[in-house]
Amino acid sequence: MTAPVPLSGRQPRAVRSALAVLEEVVATGPGVTAKEISAALKLPQATTYRLLNLLVGEEYLVRLPDLKGFALGRRAARLAVPVVTTPPTAARAVVDHLRGLVRWGVHLASFGSGQVVLVDPDPDHPPSDAALLARYPQVSALGRLLLAEQADWRALVRELRVFTEHTVSGTTELAIALDAVAREGIARQCGELRADRGCLAVPVRAPDGRLVAGLALSGPAHRVAEPNPELVELLREHAERLSPLLG
């Protein structure tokens, strides 16, 4: 993503036109063509194509596989305020069952909005501030699950802010950590957001393989740093049980 530049006299109009194109894609739905957008907005076709190419390049729109139309892209989801939806009763029962087996905090997060949204935080072990988890996904295990799934994780990382002496603050180091998450199917952070706390998280995938949520355990940082094979196995088992309930 390029850095913002000062607006010239003609650029505000271009911004309004780009927003109008996004609105038209939302209103018409996936598959709307450039010609249809041009006609609906009364924009010259050359201008419409230029705006579409820009929005595709910035991942606000995507070209459909048949190249006949457009749909909203990944970054468009971030334009809306995330809505916290209550998980189904059966899913909450799975999370509560895990809470009954461990002395750690157990948290369920949704990734449907392209951000970390806590939908079932542990009431007995309050998690870190939800706004921080959404804004700085790289410093939480749940956030790293989301980042590891992206073609370019840098699009979701606003800044590599340092919270503690343990915070990963270099792009190379973070890339290595995210490669490990993608390879091993588990994310871990030890004392990076709060020096005394850490968390483990595993993905919850829909039956078709899409990443839809994350299930996390939070506890003392020194405990999170340990292998914890029994806890990891419990976490994976419950994530698998959540898969058909959240997909």
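Whatever comes next refers back to the structure up there.
Residues numbered from 1 in each chain as written. Predicted model: local features only at pLDDT ≥ 70, side-chain atom pairs only at ≥ 80, totals over all residues. Heavy atoms only, no water.

## Let's talk about the pairing of strand S7 (residues 211-220)
Taken across its 10 residues, S7 has nine buried, putting it largely inside the fold. When strand S3 (residues 105-110) meets S7, the two strands line up antiparallel, connected through six bridges. Bridge pairing in S7 places Val106 opposite Leu217. Where strand S6 (residues 197-205) meets S7, nine bridges bridge the pair, whose relative direction is antiparallel. Residue Pro203 lies in a different strand from S7, and its bridge partner there is Gly214. Once S6 ends, the chain turns through five residues before running back antiparallel as S7, passing Gly209 with a positive phi of about 95°. (Buried < 20%, exposed > 50% of the residue type's maximum accessible area, 1.4 Å probe, protein only. Helix = DSSP H or I, 4+ residues; strand = E, 2+ residues; numbered from the N terminus. Pairing = 2+ DSSP bridges.)

## Points about the pattern of salt bridges
Tallied over the full model, the rule gives 11 salt bridges. Residue Arg205 is joined to Glu149 by a salt bridge in which the shortest nitrogen-to-oxygen separation is 2.9 Å. On the criterion of sequence distance, the pair formed by Arg205 in strand S6 and Glu149 in the loop between helix H6 (141-148) and helix H7 (171-184) is long-range, its members being 56 residues apart. Given the relative accessible area of 38%, Glu149 is considered partly exposed. Each of Asp96, Arg99, Asp120 and Asp122 takes part in one network of salt bridges that share partners. (Salt bridge = Lys/Arg side-chain N within 4 Å of Asp/Glu carboxyl O.)

## Quick word on the packing of aromatic side chains
The full count for this structure, using the stated rule, is one aromatic pair. Here the aromatic rings of Tyr136 and Phe163 are separated by 5.3 Å at their centres, their planes lie at 75°, and the arrangement is edge-to-face. You can see Tyr136 sitting in the loop between helix H5 (130-135) and H6 and its partner Phe163 sitting in the loop between H6 and H7, a full 27 residues away along the chain. Residue classification places Phe163 among the partly exposed positions, given a relative accessible area of 23%. (Phe/Tyr/Trp six-rings, centres within 6.5 Å; stacked < 30°, edge-to-face > 60°.)

## Examining the packing of helix H2 (residues 34-41) against helix H3 (residues 45-57)
Contact geometry for H2 and H3: axes closest at 9 Å, N-to-C directions at 120°. Overall, the two elements H2 and H3 adopt an arrangement that is oblique. Both H2 and H3 take part in a crossing whose hand is right-handed. In contact with Ala34, Lys35, Ile37 and Ser38 of H2, H3 contributes Gln45, Thr48, Tyr49 and Leu52. Considered class by class, the residues forming the contact of H2 with H3 number four nonpolar, three polar and one charged. (Axes fitted to C-alpha atoms, helices over the stretch in contact; angles between N-to-C directions. Parallel < 35°, antiparallel > 145°, perpendicular 65-115°, else oblique. Left-handed = near helix turned anticlockwise from the far one by under 90°. Contact = heavy atoms within 4.5 Å. Nonpolar A, V, L, I, M, F, W, Y, C, P; charged D, E, K, R; others polar.)

## Brief notes about the sheet that holds S6
Taken in spatial order, the five strands make up an open sheet running S4-S3-S7-S6-S5, and their pairing is antiparallel. Looking at the sheet topology across the chains shown, the edges are occupied by strand S4 (117-120) and strand S5 (187-190). For this sheet, the mean angle separating the axes of adjacent strands, direction not counted, is 30°. The sheet contact formed by S5 and S6 spans four bridges and is antiparallel. By the bridge assignment for S6, Cys190 is matched with Gly198. Across the sheet, helix H4 (residues 89-99) lies against S3, S4 and S7, angled at about 155° from S3, the strand it touches most. With respect to the sheet, helix H9 (residues 229-246) is in contact with S3, S6 and S7, its orientation differing from that of S6 by roughly 40°.

Read these as spatial facts, not as claims about activity.
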